[in-house]
Amino acid sequence: MLIRFEIIRRKSPADKPYTVSVEYETDGEETVAGALTELNVSAFADDPIEWESSCRQKKCGACAMLINGRPGLACDAWLKDLPEGTVRLEPLKKFPVIRDLTVDRSVMLDNLKQLGAWLRDSAVPDTTGVAYDASRCLQCGCCLEVCPNFYAGGEFFGTAVLAPASRLIAEAPDTDGKRLYGAYSEHFYRGCGKSLACRDICPAGIDMERLLVNSNAAAVWKRKFRRGKK
Amino acid sequence: MADMINIIGAGLAGLSAALTLAEKGIRCRLISAQSSERAQSVLAEGGINAALDTMGEGDTTALHCEETMKGGVMLADPYAVEGLTKHAPDVVRKLAELGVPFNRNEDGSLMLRSFGGQKKKRTAFAKSSTGKMIMTALIDAVRRYEAEGLVERLPRHRLIRLLINDGECAGVRVKECCGGTVRDLAGAVILACGGLNGFFPSMTTGTTTNTGTPAAVMFTQGLLFANLEMIQYHPTTIAIPGKRCLISEAARGEGGRLFSLKDGEKRYFMEEKYPTLGNLMPRDVVSREMFFEMRRGGEIFLDMTGITEEVWEGKLSDLREEIMHYFPLDPKRDPIPVQPGIHYFMGGIYVNRLHETNIDGLYAAGECACQYHGANRLGGNSMLGAVYGGMTAAQTASGYKRRNHNGDRDFTGRDEYDCEASAEFSRSMGYILREGLGIVRTESGIRAAIESVEALGYANEAEKAKKALAEAMLYSAFGRMESRGAHYREDFPETFAGFKKTTVSEYNGGRVRVTFADLPERNDNADQI
């Protein structure tokens with residue numbers, strides 16, 4: 001199959017974005033990440049496309065970008081599954097562009113710092129599986145991209161903090177609980193419009209609704225759904 | 001007490017070092033090309049070893065030590081391994097306290113699973129995403145100290161070179177990615193920059209970010225490397241676009257079986273040949289047997305069809321999802337075709353048991369260092385080695401008093417090492433190395449690879465340095481005229497006591513030299529391999 005890639009490039013944050021097009025012949029049995037790798041040693045060898053990548057098996061979240069307008073991981077986007085014709089690659093739009101498809105996602109880490117996303121005392125083992133599921137968050141930013149309520153710099157921190165916060169809330173000893181509940185209510189619960197767009201877009205397939213229910217219960221309604229406890 | 005320590009790499013070993021320093025009140029910088037969430041450590045699957053003895057089998061730290069030494073065919077520093085295994089239960093308990101959601105027994109104790117080369121259940125795990133779970137907990141733990149100002153993160157920064165002054169590592173020269181500024185950062189340095197995947201592009205289970213260039217540059221700056229011939233081929237990997245994907249040893253730990261298929265005949269070759277440990281022999285043995293089966297024309301499959309529903313659900317659900325993502329096969333019903341793939345580098349920066357390198361003020365931990373695993377690493381010992389190694393390196397570095405009192409500064413000149421090897425160069429060299437440093441090696445094969453690497457031209461200092469470290473790998477394999485662990489020489493199939501030595505690689509005056517260094521002896525060590 002022949003794919004025409006349209007890639008939005010930008011040399012630096014100060015420069016204007018521009019589009020480059022290139023044709024790519026493939027059997028479809030590869031991903032957008034594979035195609036970008038090949039294009040960078042062929043068509044773009046002299047001026048490689050800047051994009052982040054690491055694990056290539058949807059476990060690290062590095063290669064999140066907009067693929068035909070939808071946020072996702074380049075290593076999880078098989079060419080055979082994309083509509084034939086043109087594939088448009090763009091950087092995520094809710095984060096400042098550094099160069100080409102690379103964006104600065106440090107706002108997520110800054111927000112977690114502001115939230116106080118850590119435990120001071122020993123964790124209480126979680127028997128519900130929430131801590132496990134929440135710990136799978138890749139911090140890729142796809143959920144923030146589709147969230148109607150999130151914008152960088154706002155007081156609502158979005159699902160990229162819901163997952164880590166839910167891990168901590170599920171395991172928090174009483175000494176950490178109060179602090180985390182307050183921060184969660186302020187930076188997540190109050191701002192979340194419950195569109196649940198994040199649930200459908202998460203590349204890790206994390207059950208956001210479950211995290212939301214569990215964390216709201218603990219932080220807002222002061223009840224924990226722990227096995228054997230009420 | 002040290003005033004500021006620069007940690008290169010924000011994976012498991014780097015985070016562990018940062019946490020240890022921060023808990024002591026010592027400031028550090030965590031310098032990495034990408035954020036911790038992108039580190040290779042998140043890919044670790046099966047678990048982390050510790051003789052916690054929660055399964056009622058009478059496990060001991062002494063047995064963990066003995067099996068780690070034997071698994072590494074006696075090539076690791078026995079004192080270092082003793083420290084590692086003795087402290088392993090505390091390491092894992094600490095991780096549990098940080099909130100790693102390990103699988104647990106009904107009584108709340110940590111559940112342990114079987115792993116290769118170990119007669120007791122010793123591997124703590126969180127389904128088969130243990131690395132990701134540990135990383136998440138450590139990232140959160142370190143974040144607390146970022147907020148307190150003890151840990152400063154410098155993401156999107158690459159190491160250009162070490163700053164060595166009068167025999168001391170006085171700091172590092174780093175560059176912000178995407179053409180940013182170059183800075184000289186003063187202070188002692190802990191290297192936690194991962195294995196040498198970048199020497200085998202697209203051929204390993206590791207991160208594709210790793211270029212191997214910083215390691216190579218440091219080699220040409222005089223940093224000693226050890227046991228570079230010891231490259232682990234994991235038995236069960238599959239080819240996916242751009243790399244190899246690991247199928248965790250947990251698959252066999254929980255009952256998966258390997259068989260070969262030739263002319264319609266199925267043979268469970270590991271169980272036939274090794275009745276005691278069977279499919280859970282150390283990885284070097286399993287991969288070698290697979291190689292021989294494949295050379296006889298057999299195709300190898302991993303048969304997980306006998307694993308119970310309960311185990312799939314509670315311990316391996318993520319592994320099943322992963323396999324089904326890449327194959328139109330369900331491992332519950334269908335055997336999966338697998339091949340050995342490059343997974344881990346036992347060799348690396350030459351460190352002693354305190355994680356000191358040959359350069360003052362410079363330490364190394366995690367996969368980038370040669371410590372703990374000898375000639376072959378046991379599954380479950382890598383994350384343990386990374387966490388404990390990071391802690392030990394930090395502990396040692398914290399007591400270092402600098403001789404150079406230089407400060408931080410922006411560097412505006414041109415550094416000849418501020419470059420990268422081209423993809424074409426790295427690929428060509430990777431193919432050569434793969435031929436010379438396969439699972440089964442011969443003198444003629446290694447010699448041919450040496451000639452090919454020596455004949456490679458280079459366009460910049462990065463390529464020149466990578467060439468030098470590649471030569472060191474090949475010379476190490478050439479010089480070890482025996483078979484030991486992951487290094488199997490078909491022309492020298494026996495293990496010789498005279499080669500129970502560390503292969504040390506040195507770059508001096510533009511030349512690569514490989515020598516053999518004695519290991520610390522232990523009188524109480526009965527095994528005299």
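As a reminder, the structure under discussion sits directly above these lines.
This section reports on the structure supplied with the text. (Residues numbered from 1 in each chain as written. Chains lettered and ligands numbered in written order. Predicted model: local features only at pLDDT ≥ 70, side-chain atom pairs only at ≥ 80, totals over all residues. Heavy atoms only, no water.)

**Some points on the interface of chain B and chain A**
In this assembly, 46 residues from chain B lie in contact with 46 residues from chain A. Summed over both partners, the interface of chain B with chain A comes to about 3800 Å²; 52% of that surface belongs to carbon and sulfur atoms. Its largest share of buried area at the contact with chain A, chain B owes to Arg38(B), Arg143(B) and Cys178(B), together 18% of the area lost on that side. Counting every contact that joins chain B to chain A gives 6 salt bridges. The partner of Glu148(B) in a salt bridge is Arg120(A), with the nearest N and O atoms 4.0 Å apart. Sorting the residues of the side of chain B that touches chain A by element identifies helix H3 (78-98), helix H4 (130-147), strand E13 (243-246), helix H10 (317-326) and helix H12 (423-436) of chain B as the ones contributing at least two each. Top element by residues in the side of chain B that touches chain A is H4(B). It accounts for 9 residues. (Contact = heavy atoms within 4.5 Å. Buried area = accessible area lost by both parts, 1.4 Å probe. Salt bridge = Lys/Arg side-chain N within 4 Å of Asp/Glu carboxyl O. Helix = DSSP H or I, 4+ residues; strand = E, 2+ residues; numbered from the N terminus.)

**A word on the sheet that holds strand E5 (residues 85-90) of chain A**
All names here are of chain A. With mixed pairing, 5 strands are arranged side by side in an open sheet as E2-E1-E5-E3-E4. In this open sheet, the two edge strands, each paired with only one partner strand, are strand E2 (18-25) and strand E4 (70-73). Neighbour-to-neighbour, the strand axes of this sheet turn through a mean angle of 30 degrees, independent of strand direction. Of the strand pairs in this sheet, strand E1 (residues 2-9) and E2 are connected by 8 bridges, and their pairing is antiparallel. Counted as the bridge partner of Ile 8 is Thr 19 from E2. Packing of helix H1 (residues 32-41) onto the sheet brings it into contact with E1, E2, strand E3 (64-67) and E5, and relative to E2 it is tilted by some 100 degrees. (Pairing = 2+ DSSP bridges. Axes fitted to C-alpha atoms, helices over the stretch in contact; angles between N-to-C directions.)

**So, the nonpolar core**
If you look at soluble globular proteins, the nonpolar side chains tend to sit buried side by side. Among the nonpolar cores identified, the biggest contains 78 residues, and Phe5(A), Ile7(A), Val32(A), Leu36(A) and Leu89(A) are the most heavily contacted of them. Examining the composition of this core, we find that 8 residues originate from one element, helix H5 (residues 159-171) of chain A, more than from any other. Those residues in contact with Val32(A) that sit more than four places away from it in its chain are Ile67(A), Ala74(A), Ala77(A), Leu79(A), Leu82(A) and Leu89(A). Among the nonpolar cores identified, the runner-up in size contains 66 residues, and Cys55(A), Ala13(B), Ala18(B) and Ala22(B) belong to it. (Core = buried A, V, L, I, M, F, W, Y, C linked by side-chain atoms within 4.5 Å. Buried < 20%, exposed > 50% of the residue type's maximum accessible area, 1.4 Å probe, protein only.)

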